[in-house]
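Coordinate analysis (summary)
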Amino acid sequence: MDKIVINGGKPLHGNVQISGAKNAALPVLASALLTAGTNTFHNIPDLMDIKTIKNLLISMGAAIEGEETIKISVDKIINPTASYDLVKTMRASILVLGPLVARAGTARVSLPGGCAIGARPVNLHLKALEDMGAHVELNNGYIEARAKKLKGAEIYFDLTTVTGTENIMMAATLAQGTTILNNAAREPEVVNLADVLKSMGAKITGAGTDVITIEGVTSLKPAEAEIIPDRIEAGTFMIAAGMTGGEINVLGCNAHHLDALINKLRDTGMKIAPMKNGLKVSAGKKINSVDVKTLPYPGFATDLQAQIMAYMAIGSGLSVISETVFENRFMHVSELLRMGADIVIQGGNAIVRGVPKLHGAQTMATDLRASASLVLAGLAAEGTTEISRVYHIDRGYQTIEKKFSALGADIKRVK
């Protein structure tokens, strides 16, 4: 099993190109199930989760060509089943549920797997489909849903759910009548999907707000579209510059998608300036400790919580990091403690007292974003850090060790 080995203490300098967003690419690829003909999607990242959903779509009858630009055709859904073997590593596999029911009238989808960061119940998806007239059952670990024709409905999400919003928005494009999603997710990835669906002929208004309205159409046509840049990857590299005392150019990112992070990093003392094709990011003279509270977009992203905790571990004071999105997303704390961090968990809060420096240690990744926090800690630490179980990081970061190496880090992957 691979591991990443880092000799820390080297400031980062240079340019890093941000890849397409995994969390935007996955629902866009799933949307191909809604159309016959060939869809063309650009800026697809090379990640394990992308390979997983491609294999899943192929098992359903899709023909797929390409890597960074993917051409995908689903002229006929020959198998509306997402088997456990294909979806056990990725929660986003639930995104095929809505398109399958909308176009094929039936779906059998294994309850999803993925990072163990707390309850992310799919009941919000299922209730919404039932509100649209689908018959839904849970049998032997599988969601079974069927409907001759979905019907528009007014949906109220009890909790803001990104995949739930995406799933039901896709289902509603082919439903009979109008569907209104209340308390919808506002994330840029939701807007990206809505834009793709509209280019297919869907009638959608309100994407990017908490009320999305979808007027169903009889059929959709294939489209050509581009995936937005990965704001979480961009944020990870920005934090790395601050932690290592470096200065980097983060190219290809959308600064507007990073407003909450940029404001917080400036409070820590970092300098962030817009460039023609991204952001110039420089470390401050010292790291001011700041409090952070994760919230749905446009709040501070939960997917950057582990990374900023690693940053605050070497801050100049006391920081309180509050996790409000997932209840089990502090698993990286025990590994940061091994590196000399001073962190105490109190319910949904992490009390972080900054230390002068972290020290290299043997660590183990527990989930995708936790693994990124350990890479950042290793880059800033004194000595050598080894991170095992790095298959987690391959789910969400494209060749992270090569990108950091190009910035001057002493980092390598070891078989």
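Residues numbered from 1 in each chain as written. Predicted model: local features only at pLDDT ≥ 70, side-chain atom pairs only at ≥ 80, totals over all residues. Heavy atoms only, no water.

1. Structural notes on the nonpolar core
Counting 77 residues, the largest nonpolar core has Phe41, Val96, Leu97, Leu150, Met169, Leu181 and Leu197 as its most contacted members. For leucine 97, the residues in contact, after removing those within four places along its chain, are Ala107, Val109, Leu126, Leu129, Ile143, Ala145 and Asn167. Core analysis: the second largest hydrophobic core is formed by 68 residues, Leu279, Val333, Leu374 and Ala380 among them. (Core = buried A, V, L, I, M, F, W, Y, C linked by side-chain atoms within 4.5 Å. Buried < 20%, exposed > 50% of the residue type's maximum accessible area, 1.4 Å probe, protein only. Contact = heavy atoms within 4.5 Å.)

2. What about the packing of aromatic side chains?
Here the structure, examined in full by the defined rule, presents one aromatic pair. One residue, arginine 108, lies across the ring of tyrosine 142, its end atom 3.8 Å from the ring centre. (Phe/Tyr/Trp six-rings, centres within 6.5 Å; stacked < 30°, edge-to-face > 60°. Lys NZ or Arg CZ within 6 Å of the ring centre and 35° of its normal.)

3. With respect to the confidence of the model for the chain
Put simply, the chain has an average pLDDT of 94, and 97% of its residues get 70 or more. Counting contacts from residues 114-120, a segment whose pLDDT is below 50, to residues more than four positions away or on other chains yields 23 contacts. (pLDDT = per-residue confidence, 0-100.)

4. Some details on the sheet that holds strand S2 (residues 13-17)
Here four strands make up an open sheet; going across it, the order is S2-S15-S17-S16 and the pairing mixed. For this open sheet the edge positions go to S2 and strand S16 (271-275), each flanked by a neighbour on one side alone. In this sheet, neighbouring strand axes are inclined to one another by 20 degrees on average, regardless of whether the strands run parallel or antiparallel. Of the pairings in the sheet, the one linking S16 to strand S17 (residues 278-282) comprises five bridges and is antiparallel in character. (Pairing = 2+ DSSP bridges. Helix = DSSP H or I, 4+ residues; strand = E, 2+ residues; numbered from the N terminus. Axes fitted to C-alpha atoms, helices over the stretch in contact; angles between N-to-C directions.)

5. Points about the packing of helix H5 (residues 123-131) against helix H6 (residues 162-173)
The geometry of H5 relative to H6 is characterised by a closest axis approach of 9 Å and an angle of 25 degrees between their N-to-C directions. In terms of axis orientation, H5 runs roughly parallel to H6. Note that H5 runs across H6; the crossing there is right-handed. Residue-level inspection shows His125, Ala128 and Leu129 of H5 in contact with H6, the latter providing Thr163, Gly164, Asn167, Ile168 and Ala171. (Parallel < 35°, antiparallel > 145°, perpendicular 65-115°, else oblique. Left-handed = near helix turned anticlockwise from the far one by under 90°.)

6. Examining helix H4 (residues 97-104)
Among the eight residues in H4, six count as buried, and that is most of the element. Of the surrounding elements, those touching the buried residues of H4 are helix H1 (22-31), strand S7 (106-110), H5, strand S9 (142-146) and H6.

7. Things to note about the environment of glutamine 307
Along the chain, the position of glutamine 307 falls in helix H10 (residues 305-312). You can call glutamine 307 buried: its relative accessible area is 0%. Placed 51 residues apart in sequence, glutamine 307 and histidine 256 show a C-alpha to C-alpha distance of 20 Å. Apart from residues no more than four positions distant in its own chain, glutamine 307 is found in contact with Ile232, Thr236, Ile239, Arg369, Ala372, Ser373, Leu376 and Tyr397.

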